[in-house]
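Below, each chain spelled out in residue letters.
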Amino acid sequence: MAILVLGGAGYIGSHMVDRLIEKGQEKVVVVDNLVTGHRAAVHPDAVFYEGDLADQDFMRRVFQENPDVDAVIHFAAYSLVGESMEEPLKYFDNNTVGMVKLLEVMHSCGVNYIVFSSTAATYGIPEELPILETTPQRPINPYGESKLMMETIMKWSDKAYGIKYVPLRYFNVAGAKPDGSIGEDHGPETHLLPIILQVAQGVREKIMIFGDDYQTPDGTNVRDYVHPFDLADAHLLAVTYLREGNPSTAFNLGSSTGFSNLQILEAARKVTGKEIPAEKADRRPGDPDTLIASSEKARRLLGWQPQFDNIEKIIASAWAWHSSHPKGYDDRG
């Protein structure tokens, strides 16, 4: 058997591919259009195709040339909340329409398992904490809305075509492969931890903390942080879950522990030994106060056991990447 990883040159996707190759149990095929991903991030032992999942002729060729692929892991979606508020149609086109085109090709090629990276953003401002899989999904930005629509499309494709699916709704991803060989490299960078570490490197002068009047203990956003290797393990467990004939269902992936932006900043100062200047700024649109997940269902049904369950351990792994690659994948030194 083989697994197709869509978006396998991206931050989380590259860690997924690395983990699969490391386990050595099956062939790994990667599709990425390299719009935001990096060819250098893809493990050399993976079969790589450069192209877009919405190009149906291209995707049919990928499946035809790799008939042993029976499962798809989907990371190929735009994921910036702020950008989605400014360019909603870009998100509905790439994320939602792209899912329709993918499922059509999967159906025609007889590929019936898909594990999908969904998001906590589908919950919007949650009614309860920690967030459960049954918590009402009411997105407050186009990014979350597009992912919720993708979940809905998969639900009806399961009923009509028998394509079994698992959406994994996860929260803030942080950290890197501990040896510093692959990590997070976005352009422009919008995620909190890598920006903080860029300040520690001297690449940026200061970190901007967006909003200090949220309904949280210190007034800054509170988020749940998960390491990409722990996410990768959950995706692989979800593929096994589907292959064993289990029904489609969603899982939250989180540490069940929330950290505020200021707490992350202080932890980064401790790990790096750097001062890391910070400055307060206005809120960004579309940001909920607090997002913390209960991952009890994933632990119970999938047997998921996160290995990076300490925020300083997560930050240390990210620092290993950033300190050895100050210019990201453009810096091979």
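Use the structure listed above.
Structure report, in brief.

What counts, and where the lines are drawn
Residues numbered from 1 in each chain as written. Predicted model: local features only at pLDDT ≥ 70, side-chain atom pairs only at ≥ 80, totals over all residues. Heavy atoms only, no water. Helix = DSSP H or I, 4+ residues; strand = E, 2+ residues; numbered from the N terminus. Buried < 20%, exposed > 50% of the residue type's maximum accessible area, 1.4 Å probe, protein only. Contact = heavy atoms within 4.5 Å. Axes fitted to C-alpha atoms, helices over the stretch in contact; angles between N-to-C directions. Parallel < 35°, antiparallel > 145°, perpendicular 65-115°, else oblique. Left-handed = near helix turned anticlockwise from the far one by under 90°. Nonpolar A, V, L, I, M, F, W, Y, C, P; charged D, E, K, R; others polar. Salt bridge = Lys/Arg side-chain N within 4 Å of Asp/Glu carboxyl O.

**What to know about the environment of Glu312**
You can see Glu312 is positioned in helix α10 (residues 311–324). Looking at Glu312, the relative accessible area reads 30%, which means it is partly exposed. When the C-alpha positions of Glu312 and Tyr91 are compared, they lie 33 Å apart, and in sequence the two are 221 residues distant. Among residues more than four places away in sequence, those in contact with Glu312 are Ala267, Lys270 and Val271.

**Section: the packing of helix α4 (residues 88–109) against helix α5 (residues 142–161)**
Contact pair α4 / α5: the axes reach a minimum separation of 9 Å and the direction vectors enclose 15 degrees. In terms of their interaxial angle, α4 and α5 are classed as roughly parallel. In the crossing of α4 with α5, the sense of the turn from one axis to the other is right-handed. Contact residues: α4 offers Pro88, Tyr91, Phe92, Asn95, Thr96, Met99, Val100, Leu103 and His107, while α5 offers Pro142, Tyr143, Glu145, Ser146, Met149, Met150, Ile153, Met154, Ser157 and Tyr161. Split by residue class, the contact of α4 with α5 holds 13 nonpolar, five polar and one charged.

**Description of the pattern of salt bridges**
Tallied over the entire structure, the rule returns 20 salt bridges. Close ionic contact of Glu65 with Arg61 constitutes a salt bridge, the shortest N to O distance being 3.4 Å. With Glu65 and Arg61 both in helix α2 (residues 56–65) and four residues apart, the pair spans about one turn of that helix. Linking Lys270 and Glu312 is a salt bridge whose minimum nitrogen-to-oxygen distance equals 3.2 Å. One end of the pair, Lys270, is in helix α8 (residues 261–272); the other, Glu312, is in helix α10, and 42 residues separate them in sequence. The exposure class assigned to Lys270 is exposed, which follows from its relative accessible area of 60%. Three or more residues joined by partner-sharing salt bridges are found here, namely Asp18, Lys177 and Asp179.

Keep in mind that these numbers describe shape and distance, not what the molecule does.
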